[in-house]
Protein chains: 2
Amino acid sequence: MTAPLHDARRGTPDTQQGMRRRNLSRVMHTVAAEGPLSRAAVATRIGLTRAAVSTLVDELIRAGLLDELGPERPGRTGRGRPGSALAVSGRGPAGIGAEVGVDHLAVCAVDLRGEVRARAVQWSDNRGRAPKPVTEELAALVDQVAGEAHKAGLRPAGLAVAVPGLVERGTGMVVRAPNLDWRDTDLAELLAGELPVTVDNEANFGALAELWLGDATPPDFVHVSAEIGIGAAVVVDGRLLRGTRGFAGELGHVPVRPEGPKCRCGGRGCLEQYAGVEAVLRAAGLGPGEGRVGLLADRAAEGDKDVRRALRGAGTALGIALTGAVNLLDPHTVVLGGALSRLAPWLLPALERELGSRTARLACGVAVSRLGPEGPLLGAAHSVVRAVLDDPAMVANGV
Amino acid sequence: MTAPLHDARRGTPDTQQGMRRRNLSRVMHTVAAEGPLSRAAVATRIGLTRAAVSTLVDELIRAGLLDELGPERPGRTGRGRPGSALAVSGRGPAGIGAEVGVDHLAVCAVDLRGEVRARAVQWSDNRGRAPKPVTEELAALVDQVAGEAHKAGLRPAGLAVAVPGLVERGTGMVVRAPNLDWRDTDLAELLAGELPVTVDNEANFGALAELWLGDATPPDFVHVSAEIGIGAAVVVDGRLLRGTRGFAGELGHVPVRPEGPKCRCGGRGCLEQYAGVEAVLRAAGLGPGEGRVGLLADRAAEGDKDVRRALRGAGTALGIALTGAVNLLDPHTVVLGGALSRLAPWLLPALERELGSRTARLACGVAVSRLGPEGPLLGAAHSVVRAVLDDPAMVANGV
């Protein structure tokens, strides 16, 4: 049947005020995606009158969210008084993204135009460290980046933090981050300060980055990434599938061989036992340690037969687990991101052979992310920017 | 971050007209879910003024979608002039649902109150029959049921047809229905008549029935059903997950043992090879044929050891495949529906043991549908009813 016009259960009344807020958002999204645009062009694109759009635009300019670039060349606007091109402000709110990695901390500031305006990285082995000292170091990096953003005329609007672990939906509690050895950690509370804080799984932010910043990313895809374990995130109809508790996307624990080796999750023969970085190192006869993904990529590029065989095995296991995912989700594409994007040349042939032969009728494509390991950090910062575009009235004083 | 107020990419402008249509829908849904209700009670629930609600209600009464039950007892409305309770009309639009089964055709009419007002079933072996004679028989049943609905004062508003096969999203084309031996069949065109026709997979309609009619069904669940093959449908945040082409939910082809027996899908060791009705019959030493689910249930109830062993094996395989689904989707519950609900007593122990030991940290529940084999037919009819509630202006002449 036709898609419902709304979700009646949400219960938010449809008022003039709500309509105005939604239309402010439509203007911001349109200019962000296609600007610079004249008021007339915005009106055409969102289907409102030019007068209605002008009122909305004036509010957004007063709030510092849109800039007027000055009169356009005559002829471009067609008729009437010369239009003035509108652009999203490069001096308005900014999103601060942060990442807690196993071997690094990173922070960046992104403006409403999507440009990275400041960043900071600190390399350190965070495995087994208590959350408090780690978040203290992270907070110092956030202060540094937010300070730079302020100097550039930006107003940080929020902080979003990517972590490698299960994050509870709604509360943002880090329920389990096995590679950091954290459990039930309230990162938002530890980082509480001037900025509102949200916390999410790094694979989720990686997938959102792919959706928002990727080249022609389809609205339905499975994003597979790896740091130590295997992470994944599922995007359906342009929205992240979070699951009841927020734990969706645990591709690493899909059974590949049900009687296979025991996994720390309690299961047996999970994908992580075959395609996790540590499993691949083991299969290649190498020990664990820092920078191992780079080592695997270098050795594979040099033609090391053991490493190539290990990566073929990992690709096969990925293909089997993804066969399940493709049958259940019917995504347009599987995107290999994060550390896997570096190993793609040696994973892909086996992965595509396995997936292709098992799911020929579903014809799901496989692609490699251009964002690579940058995805989660960018996704975090952009999530703050998107929230501003989605509801400009929330950050705009006086709007 | 906060949920976006809207999806800017849809591009539909937010106009007075759109707002009125959404608010008409809110009133209909509220009265359908909680009625009879006074105008004041509706206003409180949807957060609009009593005056605004009265205007909307008057339109819906004129259009024959709501009934005024007469003045309420004094005291119930509190103050002001006595309110009049509103109820969804039992003489308004009706949804016609139809089901093409392997061994039967069924049609029913459901009114806006959700009551089945007419139904017809015809038993026949449809395997390998051409689509045309089958749809001619189905059309005759539809005419019969629609005629009865008309006599009861109802106006059929649409026909929704459930089929056991892959249905293409958007077009409603039956791309593949292996158990009927249909391919690329445009059922909507074959059934074209006075009523608008929609076509969907029977597992999808079964899951929607569970969502709309089940006892406290959560908004995130995986619905598993079986006729000959294994079907499933995934509901996320109260919406059916359809996938890019409309083929999501193919649990039957999730690999259970990657080197297992060949499957007609091109894969190996798919769930259907272990838990499909034909596989269970084979494992129990029984041949294929009609009414085999009933036979399995009867034999299992009598204590037949071969049948019970075969069902335990099927339950184990279901548990392994569902481990993958639970890790990827993090559903609140797995619901066994369709033919599986009859076999649940003998499937469940092995299924729950396998799923529980492999996904302990995700704590997903398992439930058995009360709707059973009725689900897809009811889901189809209710999908038409929901479309009317979602946008009453579309069917209401003069509104």
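Model, not experiment: these values are computed from the prediction.

So what's going on with the overall build of chain A? Which residues, and what values?
Summing up its helical and strand segments, chain A has twelve helices and 15 strands in all. With the principal axes as the frame, chain A shows a C-alpha extent of 70 × 50 × 45 Å. By residue count, 59% of the 399 residues in chain A fall in the buried class. Within chain A, counting contacts between residues at least 6 apart in sequence, those at least 24 apart form 62% of the total. By element, 50% of the accessible surface of chain A is carried by carbon and sulfur atoms, the whole surface being about 15,900 Å². Side chains of chain A give 46 positive and 45 negative charges; the mean places of these two sets differ by 4 Å.

Outline the interface of chain B and chain A, listing residues and values.
With 76 residues of chain B in contact, the opposing surface of chain A contributes 76 residues. Contact between chain B and chain A buries roughly 6,800 Å² in total, counting both sides, with carbon and sulfur atoms accounting for 54%. Taken together, the links from chain B to chain A amount to six salt bridges. Those elements giving two or more residues to the side of chain B that touches chain A turn out to be helix 1 (16-34), strand 12 (230-236), helix 10 (305-329), helix 11 (340-358) and helix 12 (375-390) of chain B. Per-element accounting of the side of chain B that touches chain A gives the leading share, eight residues, to helix 1 of chain B. The class makeup of the residues in the side of chain B that touches chain A is 29 nonpolar, 25 polar and 22 charged.

If you had to explain the packing of helix 9 (residues 292-302) of chain A against helix 10 (residues 305-329) of chain A to someone new, which residues and values would you point to?
Residues and elements named next belong to chain A. Axis separation between helix 9 and helix 10 bottoms out at 8 Å; the angle between their running directions is 115°. Judged by the inter-axis angle, helix 9 sits roughly perpendicular to helix 10. Note on packing geometry: the crossing formed by helix 9 with helix 10 is left-handed. In this structure, helix 9 contributes Leu296, Arg299, Ala300 and Ala301 to the contact, and helix 10 contributes Val307, Arg308 and Leu311.

Which residues make up the domain arrangement of chain A, and what are the values?
Residues and elements named next belong to chain A. For chain A, the domain assignment lists domain 1 (15-88), domain 2 (93-205 + 376-394) and domain 3 (215-370). Using only C-alpha atoms to locate each centre, domain 1 and domain 2 end up separated by 32 Å. Counting the contacts that link domain 1 with domain 2 gives two salt bridges. With its nearest N and O atoms 3.7 Å apart, the salt bridge here joins Arg113 to Asp67. Counting every contact that joins domain 1 to domain 2 gives five residue pairs in polar contact (both at pLDDT 80 or more). By residue class, the composition of the side of domain 1 that touches domain 2 is seven nonpolar, two polar and two charged.

About the criteria used
- All chains use their own residue numbering, which begins from 1 and follows the written sequence.
- Note on labels: chains are lettered from A, ligands numbered from 1, in written order.
- Thresholds applied to this predicted model are a pLDDT of at least 70 for local features of residues and 80 or more for the giving and counting of side-chain atom pairs; totals over whole chains, interfaces and linings are not thresholded and use all residues.
- Side-chain figures throughout are based on the complete set of non-hydrogen atoms in the structure, without hydrogens or water.
- Labels follow the DSSP assignment, with helices taken as runs of H or I lasting at least four residues and strands as runs of E lasting at least two, numbered in each case from the N terminus.
- Each residue is assigned to one of three classes by its accessible area relative to the maximum for its type, calculated with a 1.4 Å probe on protein chains only: buried under 20%, partly exposed between the two thresholds, exposed over 50%.
- Any two residues having at least one pair of non-hydrogen atoms within 4.5 Å are treated as being in contact.
- For accessible areas, the Shrake-Rupley method is used with a probe of radius 1.4 Å. Any residue's cover is judged against the shown protein chains and nothing else.
- Think of it this way: Lys and Arg go in the positive column, Asp and Glu in the negative one, and His and the chain ends go nowhere.
- All charge positions are set by atom: Lys at NZ, Arg at CZ, Asp at CG, Glu at CD.
- The term buried area refers to how much accessible surface (probe radius 1.4 Å) is lost by two components on association, counted for both of them together.
- The salt bridge definition used is simple: a Lys or Arg side-chain nitrogen within 4 Å of an Asp or Glu carboxyl oxygen.
- Only Asp, Glu, Lys and Arg are considered charged, only Ala, Val, Leu, Ile, Met, Phe, Trp, Tyr, Cys and Pro nonpolar, and every remaining residue, Gly among them, polar.
- Angular values range over 0 to 180 degrees, each being the angle between N-to-C directions of two axes fitted as lines to C-alpha atoms, with helices fitted over their stretch in contact.
- These descriptions rest on fixed angle ranges, namely under 35 degrees for roughly parallel, over 145 for roughly antiparallel, 65 to 115 for roughly perpendicular, and the rest for oblique.
- In this scheme the handedness of a crossing depends on how the near helix is turned from the far one: anticlockwise by less than a right angle means left-handed, clockwise means right-handed.
- What fixes the domain bounds is an automatic or database domain assignment.
- Under the rule applied, a polar contact is a pair of N or O atoms within 3.5 Å (in protein, one hydrogen donor and one hydrogen acceptor; residues adjacent in sequence only if both atoms are side-chain atoms).

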